[in-house]
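Here are the chains, one letter per residue:
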Amino acid sequence: MSKRTRRTAPTTGAARPTVTVCRGCCCGTPKIPGLDHTARLRDLRHALDGSATVRVTGCLDACERADVIVVQPSAEGRKAGGRPVWLGLVNDPDATADIITWIKGGGPGITDPPGILDLYTFRPSRRVQAELHDA
C-alpha cells in the first residue's frame, strides 16, 4: 500500500482585506499638491500592519478622482457579500483615518463603512476593475 499525501485545496481570497493604493500618473504625485504622499503611504502601511495587506499599483485609470484607494474584502468578507470598494479624491487625512478604522473593523462584507465614505465611493469601468483583479 502506498502512502499518499493529502493536499488541501488552495483557499481563494486573502485572509485579510487588501488595500490597493494608486501611484500612477496623477495619484501620489505633485499633481495633487499639499500632501506628503510618501508619509501618507508609510502611515497607512503602519496603521494597517496585521489588519490588511497594503499594496501599491500603477495608474488605475481614474485620474479625475486622484488619489484613488481600492479596498478589497478578505475571504470572509467576500463570503459575507463584500465587494471591492473604490474610493476617489482621498486627499484628506480624516478620510484616510476613516478608511483605516473601517478596515481594522473588518472592511467590506464584515463592517459597514462610515457614512462619510459614501462621498468618496465611485464605480470604475469594468475594464479598469478587471485590470486591478488581474494584477
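Just above, that's the structure.
Residues numbered from 1 in each chain as written. Predicted model: local features only at pLDDT ≥ 70, side-chain atom pairs only at ≥ 80, totals over all residues. Heavy atoms only, no water.

Q: Any details on the state of the cysteines? Residues and values, ideally.
A: For the structure shown, the criterion picks out 0 disulfides. The thiol sulfur of C25 is not disulfide-bonded, and the nearest other cysteine sulfur, from C63, lies at 3.4 Å. Lacking any disulfide linkage, C59 is separated from the closest cysteine sulfur, that of C63, by 3.7 Å. (Disulfide = S-S within 2.5 Å.)

Q: Which residues make up the side chain of T29, and what values go with them?
A: As for its position among the elements, T29 is in the loop between β1 (18–22) and α1 (37–48). Of note is the side chain of T29, whose polar atom sits 2.7 Å from the backbone oxygen of C26. Setting aside residues no more than four positions away along its own chain, T29 makes contact with G24 and H37. (Helix = DSSP H or I, 4+ residues; strand = E, 2+ residues; numbered from the N terminus. Polar contact = N/O pair within 3.5 Å; in protein donor to acceptor, adjacent residues only side chain to side chain. Contact = heavy atoms within 4.5 Å.)

Q: Any details on the nonpolar core? Residues and values, ideally.
A: Counting residues in each nonpolar core, the largest one holds 19 residues, and the members touching the most others are V19, L48, L87, I99 and I103. Sorting the residues of this core by element identifies β1, α1, β3 (69–72), β4 (85–87) and α3 (93–104) as the ones contributing at least two each. With 5 residues, α3 is the largest single contributor of residues to this core. Look past the residues within four positions of I103 in its chain and what remains in contact with it is P17, V19, L48, S51, A52 and V71. The next biggest cluster of nonpolar side chains, apart from the first, holds 12 residues, and it includes C22, C26, C27 and F122. (Core = buried A, V, L, I, M, F, W, Y, C linked by side-chain atoms within 4.5 Å. Buried < 20%, exposed > 50% of the residue type's maximum accessible area, 1.4 Å probe, protein only.)

Q: Describe the sheet that holds β3, with residues and values.
A: Spatial ordering of the open sheet is given by β2-β1-β3-β4-β5, a layout of 5 strands whose pairing is mixed. With one partner strand each, in any of the chains shown, β2 (53–57) and β5 (121–122) form the two edges of the open sheet. In the sheet, β1 pairs with β3 via 4 bridges, with the strands oriented antiparallel. In the strand pairing of β3, V21 is matched with I69. Along the sheet, α3 makes contact with β1, β3 and β4, crossing β3 at roughly 10°. (Pairing = 2+ DSSP bridges. Axes fitted to C-alpha atoms, helices over the stretch in contact; angles between N-to-C directions.)

Q: So what about the layout of surface pockets? Which residues, and what values?
A: Taken as a whole, the second largest pocket spans an internal volume of roughly 160 Å³. L35, D36, R40, D43, L44, D92, P93, T96, A97 and I100 together form the lining of the second largest pocket. Breaking the lining of the second largest pocket down by element, the ones donating at least two residues are α1 and α3. Considering every element that reaches the lining of the second largest pocket, the biggest residue donor is α3, with 4 residues. Partitioned by chemical class, the residues of the lining of the second largest pocket number 5 nonpolar, 1 polar and 4 charged. (1 Å grid on protein atoms, 1.4 Å probe; cavity = no way out; pocket = protein on both sides within 12 Å on 5 of 7 lines; lining within 4 Å. Points joined across faces, edges and corners; volume = space filled by probe spheres on them. Nonpolar A, V, L, I, M, F, W, Y, C, P; charged D, E, K, R; others polar.)

Q: A description of the packing of α1 against α3 should follow, citing residues and the corresponding values.
A: The contact between α1 and α3 brings their axes to 10 Å, and the two run at 20°. Taken together, the axis directions place α1 and α3 in an arrangement best described as roughly parallel. Note on packing geometry: the crossing formed by α1 with α3 is right-handed. Where α1 approaches α3, its residues R40, L44, A47 and L48 are matched on the opposing element by T96, I100, I103 and K104. (Parallel < 35°, antiparallel > 145°, perpendicular 65-115°, else oblique. Left-handed = near helix turned anticlockwise from the far one by under 90°.)

Q: For the environment of C27, give the residues involved together with the corresponding values.
A: Along the chain, C27 falls in the loop between β1 and α1. For C27 and E64, which are 37 residues apart along the polypeptide, the C-alpha to C-alpha distance reads 9.5 Å.

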